[in-house]
Amino acid sequence: MEAVEERKTLLVATQLTKTFGAVEALKGVDLTVSAGEVVALVGDNGAGKSTLVKTLAGAHRPDTGQIFFERKPVSLGNPAASVELGIATIYQDLALCDHLDVVANLYLGRERHNAARLLSEREMELKAIELVGSLSTNPPPPRALVRDLSGGQRQVVAIARALLAGPKVVLLDEPTAALGVSQTRDVLELIRALRARGLGCVLISHNLDDIFAVADRICVLRLGANAAEFTVSGCSREAVVASITGATPSDQPPPWGGTQR
């Protein structure tokens, strides 16, 4: 059983630290992500969530600590190194070009060409239809401008673009922020689809309803350090909130199915 679990582990971060001047953003943070699971990363503002994700995405270099990908130590010196390794990051602003259509956004900077060095428009369009359609029951038209899409459809485009690189881990920063009820439901289904593909997902969210709907584990950060870790099936919302706020005394064992640090 232990060998199977080890084989499925994709990303391991151990004792990561990061300082910005006098501010300790990360204080020895640990995180593990396995294939086919959604790990929710939660905490109050300033807990270190964004810094941790940007470190895993290669945007920040940790001061100390180690990152392992598929059991091998790696150095993520820049975002390109993270992408090449198999880690895709989808930030809250999505970084889409509103004036371009879906196909152009998916292939921006990595367009496909034919033997005559002309754009293979039909090939890219067919691949876009296939990929976007596999992620959503309400896929946007391939030639629709991104500015005309709903928030949920924009998330589909951003995730589809990330999947073109063949990632094994996807980091999602507040994917349902500012979305309506139906659009949020679509995005949660999208996250389930990523898990069904066998990808490891890290979900940053302040919405506990969303977290309990799709996450398998919850990792709580508080003041730049690990505060607790839970399995969703074995904890309550009250326990998670208590861990986020520090309401449970650290010298008492928690009355739920998690571990207090």
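Further up the page is the structure itself.
Residues numbered from 1 in each chain as written. Predicted model: local features only at pLDDT ≥ 70, side-chain atom pairs only at ≥ 80, totals over all residues. Heavy atoms only, no water.

### Here we look at the overall build of the chain
The helix and strand inventory of the chain stands at 9 helices and 11 strands. Over its C-alpha atoms the chain spans a radius of gyration of 19 Å, differing by no more than 12% from the 18 Å that the globule rule assigns to 261 residues. Across its three principal axes, the chain shows a C-alpha extent of roughly 70 × 45 × 40 Å. Counting all 261 residues of the chain, 47% fall into the buried class. Looking at the chain, you have 27 positive and 29 negative side-chain charges, and the mean spots of the two groups are 4 Å apart. (Helix = DSSP H or I, 4+ residues; strand = E, 2+ residues; numbered from the N terminus. Rg over C-alpha atoms; globule rule 2.2 N^0.38 Å. Buried < 20%, exposed > 50% of the residue type's maximum accessible area, 1.4 Å probe, protein only. Lys, Arg positive; Asp, Glu negative; His and termini not counted. Charge placed at Lys NZ, Arg CZ, Asp CG, Glu CD.)

### Focus on the pairing of strand S3 (residues 38-42)
Taking burial as the measure, the 5 residues of S3 include 5 buried ones, the bulk of the element. Of the two faces of S3, the one lined by Val-38, Ala-40 and Val-42 and the one lined by Val-39 and Leu-41 are each fully buried. Where S3 lies against strand S8 (residues 200-204), 4 bridges are found, and the strand directions are parallel. Counterpart to Val-39 in the pairing with S8 is Val-202. In terms of strand pairing, S3 meets strand S9 (residues 217-222) through 4 bridges, oriented parallel. Considered in S9, the bridge of Ala-40 is made with Ile-218. (Pairing = 2+ DSSP bridges.)

### Re the pattern of salt bridges
What the rule picks out here adds up to 13 salt bridges. Where salt bridges share partners, they join Asp-101, Glu-121, Arg-122, Glu-125 and Arg-143 into one cluster. (Salt bridge = Lys/Arg side-chain N within 4 Å of Asp/Glu carboxyl O.)

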